[in-house]
Amino acid sequence: MKKQILFMALLGGLTLGGTQIVAPTAAQASTRKTVKALPKKLQGAWYHYDGHGKHDRVKFTATKWRTVGYQNGSRYASTSTLHQRKLNADPDKLARHANWVVGWKMTVRRANWTDLRGWNQSAGDGTYYKVANKRYHGQKLAVLSEAGGAGVWVTQHYYASKQVAKQMKNHRFHSEVYYA
């Protein structure tokens, strides 16, 4: 009974603020696993113009997540490898792997997102990604949105080319919920 009340409270907390996350039941969680491969829509290189003459890049393959960017004038890069595990695995009890991630598919505000988290991450939110076609001045663009936080708030958008990223800069689409 306590587990049911706790689960209902957790599910209720996750649906506040317009965020709708479909969580598996306890029986499903024991046999279900995280994603084995990243969605094909995400795969490829995506660019975001930082406004200071530099482009951030995120690149996905079926099992790799690579980011390259600039912060305070310094370049950073990281590569993580996607691994699959059972949904109910306790990250604190797994072998340590600093460059491994797990992914979940989820629906938030009627959009399909992929949530990437550290292999050993047991608290906090991951980094969420989705691809959607957006209209800008009558043209249709494929847009990779990156989000974070409990509300899955969009932090920035990426585009398929550096030229489009520079043109779009920090454009905000009216259909998104942004962090700030």
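What counts and what doesn't
- Residues numbered from 1 in each chain as written.
- Predicted model: local features only at pLDDT ≥ 70, side-chain atom pairs only at ≥ 80, totals over all residues.
- Heavy atoms only, no water.
- Helix = DSSP H or I, 4+ residues; strand = E, 2+ residues; numbered from the N terminus.
- Buried < 20%, exposed > 50% of the residue type's maximum accessible area, 1.4 Å probe, protein only.
- Contact = heavy atoms within 4.5 Å.
- Areas by Shrake-Rupley, 256 points an atom, 1.4 Å probe, with all protein chains shown as cover.
- Salt bridge = Lys/Arg side-chain N within 4 Å of Asp/Glu carboxyl O.
- pLDDT = per-residue confidence, 0-100.
- Pairing = 2+ DSSP bridges.
- Axes fitted to C-alpha atoms, helices over the stretch in contact; angles between N-to-C directions.

**Student:** Quick question: what am I supposed to make of the overall build of the protein here?
**Tutor:** Broken down by element type, the protein carries 3 helices and 9 strands. Along the protein, helices and strands appear, N-terminal first, in the series α-α-β-β-β-β-β-β-β-β-β-α. For the protein, the residues scored as buried account for 36% of the 180 residues in total. Sequence separation of at least 24 residues holds for 43% of the intrachain contacts in the protein that already meet a minimum separation of 6. About 11200 Å² of surface is accessible on the protein, with carbon and sulfur atoms providing 53% of the total.

**Student:** Sorry, what's going on with the environment of Tyr159 here?
**Tutor:** Mapped onto the secondary structure, Tyr159 falls in the loop between strand 9 (153-158) and helix 3 (162-168). Residues Tyr159 and Ser145, spaced 14 residues apart in sequence, show a C-alpha to C-alpha distance of 9.0 Å.

**Student:** I'm lost on the pattern of salt bridges in this one. Help?
**Tutor:** Pairing is possible between side chains that carry opposite charge, provided their charged atoms lie close to one another. Per the stated rule, a full pass over the model turns up 3 salt bridges. Asp115 serves as the salt-bridge partner of Arg117, at 2.8 Å between the closest nitrogen and oxygen. Lys130 is paired through a salt bridge with Glu176; the nearest N and O atoms lie 3.0 Å apart. One end of the pair, Lys130, is in strand 7 (residues 127-136); the other, Glu176, is in the segment after helix 3, and 46 residues separate them in sequence. In this structure, Lys130 and Glu176 share a single accessibility class: buried.

**Student:** Which parts of the structure should I look at to understand the confidence of the model for the protein?
**Tutor:** Caution is warranted with low-pLDDT regions, since their predicted coordinates should not be read in detail. Taken over all residues, the pLDDT of the protein has a mean of 83, while the share at 70 or more is 83%. For the protein, the element scoring lowest by mean pLDDT is helix 1 (residues 2-14), at 35; strand 1 (residues 44-49) scores highest, at 97. Scored below 50 in pLDDT, residues 1-30 shows 26 contacts in the model against residues more than four places distant or in partner chains.

**Student:** How should the sheet that holds strand 9 be read in this particular structure?
**Tutor:** Strand-to-strand pairing in sheets goes through backbone hydrogen bonds, with the strands running parallel or antiparallel. Spatially, 9 strands are ordered 1-2-3-4-5-6-7-8-9 in an open sheet, and the strand pairing comes out mixed. Edge strands, defined here as strands with exactly one partner in the open sheet, are strand 1 and strand 9. Sheet twist, expressed as the mean angle between neighbouring strand axes with direction ignored, is 30°. Of the strand pairs in this sheet, strand 6 (residues 111-118) and strand 7 are connected by 3 bridges, and their pairing is antiparallel.

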